[in-house]
Amino acid sequence: MPRVAPSSFRFRLILALASSLPGGFCAGRDVTTAWELVARHLPGDALAQLGAASADPSREAKLARAVAQMDSQPVTEARLQQVAEQLTTLARGDDEIAAAAAYLTGRLYQVHLPTPDPSRAAHEYEQLAARHPGSYWAQLGLVKLALLVLYVLPEPTEPAARLAVAVALLPRLTAPELRRDLHIVLGRAKLFHGRPGTEVLEQLLAADRIGGLSGVSRADLQLQIAELSRREDNWAQARDYFSRFLAENEVDARAYQVKEKLAEIAAHLRTGKAARP
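Predicted, not measured: the structure shown is a model, and the values here were computed from it.

Q: What is the right way to look at the overall build of the chain in this model?
A: For the chain, the count of helices and strands is 14 helices and zero strands. Taken from N to C terminus, the helices and strands of the chain fall in the order α-α-α-α-α-α-α-α-α-α-α-α-α-α. Going through the 277 residues of the chain one by one, you find that 45% of them count as buried. When the accessible surface of the chain is summed, it comes to about 13700 Å², and 54% of that surface belongs to carbon and sulfur atoms.

Q: Just checking my understanding: could you explain the packing of aromatic side chains for this structure?
A: The way to describe two aromatic rings as a pair is by their centre distance and the angle between their planes. As enumerated under the stated definition, the model contains four aromatic pairs in all. With a centroid separation of 6.1 Å and an interplanar angle of 35 degrees, the aromatic rings of Tyr103 and Tyr125 are classed as tilted. Note that Tyr103 is positioned in helix H6 (residues 96-112) and Tyr125 in helix H7 (residues 118-131), a separation of 22 residues in sequence. Overall, Tyr103 belongs to the buried group, its relative accessible area being 3%. You can call Tyr125 buried: its relative accessible area is 0%. Cluster of aromatic residues (ring-pair linked, three or more members): Tyr103, Tyr125, Tyr136 and Trp137.

Q: Explain the pattern of salt bridges here, please?
A: It is possible for side chains of opposite charge to pair when their charged atoms get near one another. Under the counting rule described, the total for this entry stands at 13 salt bridges. Residues Asp220 and Arg254 are paired through a salt bridge, measuring 2.9 Å at the closest nitrogen-oxygen approach. Note that Asp220 is positioned in helix H12 (residues 215-231) and Arg254 in the loop between helix H13 (235-248) and helix H14 (255-270), a separation of 34 residues in sequence. Where Arg230 meets Glu264, a salt bridge forms, and the shortest distance between an N and an O atom there is 3.2 Å. A residue pair is termed long-range when its members are at least 10 positions apart, and Arg230 in helix H12 and Glu264 in helix H14 qualify at 34 residues. Residue Glu264 is classed as partly exposed on the basis of its relative accessible area of 29%. The network of salt bridges with common partners includes Glu227, Arg230, Arg231, Lys261 and Glu264.

Q: Please explain unusual backbone geometry as it appears in this structure.
A: With the exception of glycine, the majority of residues adopt a negative phi angle, and the majority of peptide bonds are in the trans configuration. A cis amide bond links Gln73 with the next residue in sequence, Pro74, at an omega value of -5 degrees. Relative to the assigned elements, Pro74 resides in the loop between helix H4 (59-71) and helix H5 (77-90). Of the consecutive residues Glu155 and Pro156, the connecting peptide bond is found in the cis state with omega at -5 degrees. Assignment of secondary structure puts Pro156 in the loop between helix H8 (136-152) and helix H9 (159-167). One non-glycine residue, His41, adopts positive backbone phi at about 65 degrees. Mapped onto the fold, His41 is located in the loop between helix H2 (29-39) and helix H3 (43-50).

Q: Please explain the nonpolar core as it appears in this structure.
A: Most often, soluble globular proteins keep nonpolar side chains buried together rather than apart. Judged by nonpolar contacts, the single largest core of 58 residues is most densely connected at Leu63, Leu87 and Leu182. Here the element with the most residues in this core is H8; it accounts for 11 residues. Once you skip the residues sitting within four places of it in the chain, Leu87 turns out to touch Leu63, Ala66, Ala101, Leu104, Thr105 and Leu108.

Q: Just checking my understanding: could you explain the packing of H4 against H6 for this structure?
A: When two helices pack together, their arrangement is given by the angle between the helix axes and the distance between those axes. Look at H4 against H6: their axes get within 11 Å of each other, and the N-to-C directions meet at 10 degrees. On the basis of their axis angle, the class for H4 and H6 is roughly parallel. Here Arg59, Glu60, Leu63, Val67, Met70 and Asp71 of H4 come into contact with H6, specifically with Ile97, Ala98, Ala100, Ala101, Leu104, Leu108 and His112. Here the contact of H4 with H6 is built from residues that sort into nine nonpolar, one polar and three charged.

Q: Explanation requested: the packing of H9 against helix H10 (residues 176-192) in the structure shown.
A: Axis separation between H9 and H10 bottoms out at 11 Å; the angle between their running directions is 170 degrees. One element, H9, and the other, H10, form an angle in the roughly antiparallel class. Contacts between H9 and H10 pair Leu163, Ala166 and Val167 from the former with Leu182, Leu186, Ala189 and Lys190 from the latter.

Conventions and cut-offs
Residues numbered from 1 in each chain as written. Predicted model: local features only at pLDDT ≥ 70, side-chain atom pairs only at ≥ 80, totals over all residues. Heavy atoms only, no water. Helix = DSSP H or I, 4+ residues; strand = E, 2+ residues; numbered from the N terminus. Buried < 20%, exposed > 50% of the residue type's maximum accessible area, 1.4 Å probe, protein only. Areas by Shrake-Rupley, 256 points an atom, 1.4 Å probe, with all protein chains shown as cover. Phe/Tyr/Trp six-rings, centres within 6.5 Å; stacked < 30°, edge-to-face > 60°. Salt bridge = Lys/Arg side-chain N within 4 Å of Asp/Glu carboxyl O. Core = buried A, V, L, I, M, F, W, Y, C linked by side-chain atoms within 4.5 Å. Contact = heavy atoms within 4.5 Å. Axes fitted to C-alpha atoms, helices over the stretch in contact; angles between N-to-C directions. Parallel < 35°, antiparallel > 145°, perpendicular 65-115°, else oblique. Nonpolar A, V, L, I, M, F, W, Y, C, P; charged D, E, K, R; others polar.

Geometric values such as these leave the question of function open.
Here's what the structure looks like:
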């Protein structure tokens, strides 16, 4: 499966977004420092670092200003509308800045406005995916679109239809980490909507096979797979995932309960009770 090539610009923006939320570029020192300040939740300092708009007219500097303004106090609807206009202008290009600006437009309508507009956000993500289907930002937008479809948008109304629309997004994702994230989103949505445990496990196991998670996210996925496997009487699989969790998280507060469940599983396996295939 082809990967979406990383860029230094994307790394800076992802760092900033991950900390504030939640083609290669060679940014000048002021822009790089501004991204670092945004990542440290210092949007005012980032704007001061960037200076007047005429000081650095580059597209990345304009995007950095827009991102900093989204979190700069006081956050008002008027200011956010100005940011939306700036992002819309930047999104008219054909470079990665344009794709990132279009993605951020969707996020602005999804979570930043005082009154979010999920339908507008979904439209922005769909338009981005149509214009830049291979872009990392377009594919990240598809993951956000899946969340809107599954839980927020008024249509479709039936859970099965919501799931079908979200599942249909999977083939459009070529970035492994985003495909993994969508599998997790789908697995948890199937659990939320009361689908059989085997269907939930299918998604979570697919995410685990892709890998790349670390820390709490990895631990949580291991426990979800282990517990669902236990409920499905797949004792061997439950044992394997509980054991993996314990080997990597022995000081976790949940370790005691995991040890108890491993003892229960060992008792089942000693009796010769077969695990489900």
